[in-house]
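# A structural walkthrough
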Amino acid sequence: MKKRLFGLALVLALCLALLCVSALASSDSPSLYVGGVEVTASGEVTGTGITDGTVSYDADTNTLTLNGATLSGYYEYYTYPVFIYAKNDLNIVLIGDNKVEYGDNDKYPRAIYVSGDLNIRGSGSLACGSKNKAFAGFGIECSGNLKVENATLNFYVENDGICCWNGDVELNNTNINIESKSKNSNCISGNNITITGGEVKLVSNGADKNDSYGIYGDIVEICDAKVEIKAYYCGIYSSEALKVTGDNTNLSVVLMEDASEDFLAISAPYISVNGTIYSGELKALVVENGVVKDFTVSITP
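All figures in this text were calculated on a predicted structure; none of them were measured in a lab.

The next thing to look at is the overall build of the protein chain. What the protein chain contains, in helices and strands, is one helix and 30 strands. Taken over 301 residues, the protein chain has a buried fraction of 47%. The contacts in the protein chain between residues at least 6 apart in sequence include a share of 57% that link residues at least 24 apart. When the accessible area of the protein chain is evaluated, it comes to approximately 14500 Å², of which 49% is carbon and sulfur surface.

Dropping the structure here:
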């Protein structure tokens, strides 16, 4: 009996030791980095990698506020520079014009990388990359759901503009401008993608004109929004359905002029525009004020 009790006590001690080690490892791992500065408490965030404007964090609401800020510093996640990194969920409020300066960084930088859900709101904007400079990296990557409300995002990137590996993308009354130029990259990708109100302009400029998408998802829904997509390979790919609703919806999905005849502007099992069903494989689709004005069906030889 004594031996059995001793064995149980030993097992319990080992379990407690493992828990302590795990807790220490967790506490040592950073939860939030902004502009290369580790954020551990509420208050203003300052550092050499944060110039112009202000950055502040509220730990109670897990909210990061950017007010006219420029981020040039980064946290190195594995080998990738990340300008805003969160190990868990994160809320971001944008005020004024904010930007991420990639500089000459060629290590596939990320403007925002969140291992969880990401919510972005506010009347301000966030920009990364530039049409006048070499393209670089990614815009937003998150493992959970992404919700953007009212804010403006201007991304000129080499790879993905917005990528949610295991979550949905919800854009409400936003102004989104994304241009991506690399093979195997998407302007916007996720599980289900919903665009309600606002304006979205996407240019999928695949460098080798192959395997690049404007929108890539399962169910893609567009309601009362203005959406313009130009692509070399495919403007919208949906594995389940593209659903367009609302009398104020204006949608244009077309291929580049020099795109291959084998490529599609839209690829989906079916397309629904205010209840009317159309072929899921189109060379072009134009909707004005909720009414289809032009659609070109792909003809398979």
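Pairing of strand E29 (residues 281–288) with strand E30 (residues 291–297), which is carried by six bridges, proceeds in the antiparallel orientation. Paired with leucine 282 across the strands is valine 297, a residue of E30. Counting the residues that bridge the hairpin from E29 to E30 gives two residues, and of these asparagine 289 lies at a positive phi of roughly 50°.

In this section: the pattern of salt bridges. The tally for this structure, following the rule as stated, stands at three salt bridges. Taking the shortest distance from any N to any O, the salt bridge between arginine 110 and glutamate 141 comes out at 2.4 Å. With arginine 110 in strand E12 (residues 110–114) and glutamate 141 in strand E15 (residues 138–142), this pair connects stretches of sequence that are 31 residues apart. There is no split in this pair, since arginine 110 and glutamate 141 are both buried. Note that glutamate 228 is salt-bridged to lysine 226, the shortest N-O span being 3.8 Å. With relative accessibility at 33%, the residue glutamate 228 sits in the partly exposed group.

Thresholds applied
Residues numbered from 1 in each chain as written. Predicted model: local features only at pLDDT ≥ 70, side-chain atom pairs only at ≥ 80, totals over all residues. Heavy atoms only, no water. Helix = DSSP H or I, 4+ residues; strand = E, 2+ residues; numbered from the N terminus. Buried < 20%, exposed > 50% of the residue type's maximum accessible area, 1.4 Å probe, protein only. Contact = heavy atoms within 4.5 Å. Areas by Shrake-Rupley, 256 points an atom, 1.4 Å probe, with all protein chains shown as cover. Pairing = 2+ DSSP bridges. Salt bridge = Lys/Arg side-chain N within 4 Å of Asp/Glu carboxyl O.

Limitation: the analysis is restricted to geometry and does not speak to function.
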